Amino acid sequence: MRTIGLIGGMSWESSAEYYRLINQQVRDRLGPLRSAQLLMYSVDFGPVEQAQHAGRWDDAAAILVDAARRLEAGGAECVVLCTNTMHKVAGQIQAAIGIPFLHIADPTGQAAVDAGALKVGLLGTAFTMEQDFLKDRLIAKGLTVLVPDVKERQAVHRIIYDELCVGVISEASRKVYQQVIESLTRRGAQAIILGCTEIGLLIKPEHSALPLLDTTELHAQAAVAFALGE
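Just so you know, these numbers come straight off a predicted model, no measurement behind them.

Considering the sheet that holds strand E3 (residues 78-81)
Judged by pairing direction, the sheet is parallel, and its 3 strands sit side by side in the order E2-E1-E3 without closing on themselves. Every interior strand has two partners, whereas the edge strands, strand E2 (38-42) and E3, have only one. Sheet twist, expressed as the average angle between the axes of neighbouring strands with direction ignored, equals 25°. As paired elements, strand E1 (residues 4-8) and E2 share 5 bridges and run parallel to each other. If you follow Leu6 over to E2, its bridge partner there is Met40. Sheet strands in contact with helix H10 (residues 215-227) are E1 and E3, and its direction is about 170° off that of E3.

Right under this line is the structure:
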């Protein structure tokens, strides 16, 4: 088994999901007492979040590059960045290390293609919905990517940072997300990408009439596949 390197802490709520999902999948494939061989470097989210909202992406990148180098030095054989938004600096991280960087958009885009959902709705932070770093990678897979309107994006973003990142799960916020999903459905979306690693804590398959593509779950699957040489 190859060793997975996780960069976590953004937020630790979703990083814990990565740890759970990866270990569950290894157990399911290899047997009841098997678990993943992995390292996690969990950063302090505060300085990263401040850099995000101030537009200081190079400062945020420096924190994650340092984490990736520490994982590589510790014996990790790949790096998995446990957040969608910070994939904005994925290229800087990959350039700084000599081991593979497993990009979150690749298994997500492939899952959409495999499901025949070529027009997808994307939920995430405002950075992910409004900038091109994730959308372009999905479009390269042949997908059409729809995002919510301005007011909907503001609501989705606020709920992520004010609630989900601090472990608050609200029925009222779930209804807001369901209304956004319904709006994307009316615009022709065939599936919804949960493009923030915390959204899966709030929105489950039973909360959506459309198929959900949970980036956290799909990224964890890709990490396990790498670890097991699949």
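Quick look at the layout of surface pockets
Computed from the structure, the largest pocket encloses a volume of approximately 210 Å³. Along the wall of the largest pocket there are 15 residues; nearest its centre are Gly200, Ile203, Lys204, Asp214 and Glu217. Elements that contribute at least two residues to the lining of the largest pocket include exactly helix H1 (12-30), strand E7 (212-214) and H10.

Description of the packing of aromatic side chains
Per the stated rule, a full pass over the model turns up 2 aromatic pairs. With a centroid separation of 5.2 Å and an interplanar angle of 85°, the aromatic rings of Trp57 and Phe127 are classed as edge-to-face. Note that Trp57 is positioned in helix H3 (residues 57-73) and Phe127 in helix H6 (residues 126-130), a separation of 70 residues in sequence. Its end group placed over the ring of Phe226, Arg2 keeps NZ or CZ at 3.9 Å from the ring centre. For Lys88, the ring lying beneath its charged end belongs to Trp57, and the centroid distance is 5.2 Å.

A look at the state of the cysteines
Per the counting criterion, the structure on display carries 0 disulfides. Left unpaired, Cys82 is separated from the closest cysteine sulfur, that of Cys78, by 10 Å. Left without a disulfide partner, Cys165 is nearest to the cysteine sulfur of Cys196, which lies 6.0 Å away.

What about unusual backbone geometry?
Following Met10, the chain continues to Ser11 via a peptide bond in cis, the omega torsion being -5°. Mapping Ser11 onto the fold places it in the loop between E1 and H1.

Some points on the environment of Asp44
Here Asp44 lies in the loop between E2 and helix H2 (45-54). Along the primary structure Asp44 and Val113 are separated by 69 residues, whereas in three dimensions their C-alpha atoms are 35 Å apart. In terms of polar contacts, Asp44 uses its side chain to reach the backbone amide nitrogen of Gly46, at 3.1 Å.

Points about the nonpolar core
Core analysis: the largest hydrophobic core is formed by 80 residues, its most contacted members being Ile7, Ile22 and Tyr177. Considering every element that reaches this core, the biggest residue donor is H3, with 8 residues. Ile7 has contacts with Tyr41, Val43, Leu64, Ala67, Ala68, Leu71, Val79, Val80, Leu81 and Cys82, leaving out every residue within four places of it along the chain.

Focus: empty space enclosed by the protein
Per the counting criterion, the structure on display carries 1 cavity of 30 Å³ or more. Along the walls of the largest cavity sit Met10, Phe45, Gln52, Thr83, Thr85, Thr125, Ile160, Tyr161, Cys165, Cys196 and Glu198, which together make up its complete lining. Those elements giving two or more residues to the lining of the largest cavity turn out to be H2 and helix H8 (150-162). Residues belonging to the lining of the largest cavity are distributed by class as follows: 6 nonpolar, 4 polar and 1 charged.

Thoughts on helix H5 (residues 105-114)
All of the buried residues along H5 are Ala105, Pro107, Thr108, Gly109, Ala111 and Ala112. One or two steps after H5, the chain reaches Gly116, where phi turns positive at roughly 75°.

Section: the side chain of Asn23
Mapped onto the secondary structure, Asn23 falls in helix H1. On the accessibility criterion, Asn23 (13% relative accessible area) is buried. At a separation of 2.8 Å, a polar atom in the side chain of Asn23 contacts the main-chain carbonyl oxygen of Tyr19. Discounting residues that sit within four places of it in the chain, Asn23 has contacts with Arg34, Ser35, Ala36 and Leu38.

What counts, and at which threshold
- Residues numbered from 1 in each chain as written.
- Predicted model: local features only at pLDDT ≥ 70, side-chain atom pairs only at ≥ 80, totals over all residues.
- Heavy atoms only, no water.
- Pairing = 2+ DSSP bridges.
- Helix = DSSP H or I, 4+ residues; strand = E, 2+ residues; numbered from the N terminus.
- Axes fitted to C-alpha atoms, helices over the stretch in contact; angles between N-to-C directions.
- Contact = heavy atoms within 4.5 Å.
- 1 Å grid on protein atoms, 1.4 Å probe; cavity = no way out; pocket = protein on both sides within 12 Å on 5 of 7 lines; lining within 4 Å.
- Points joined across faces, edges and corners; volume = space filled by probe spheres on them.
- Phe/Tyr/Trp six-rings, centres within 6.5 Å; stacked < 30°, edge-to-face > 60°.
- Lys NZ or Arg CZ within 6 Å of the ring centre and 35° of its normal.
- Disulfide = S-S within 2.5 Å.
- Polar contact = N/O pair within 3.5 Å; in protein donor to acceptor, adjacent residues only side chain to side chain.
- Core = buried A, V, L, I, M, F, W, Y, C linked by side-chain atoms within 4.5 Å.
- Buried < 20%, exposed > 50% of the residue type's maximum accessible area, 1.4 Å probe, protein only.
- Nonpolar A, V, L, I, M, F, W, Y, C, P; charged D, E, K, R; others polar.

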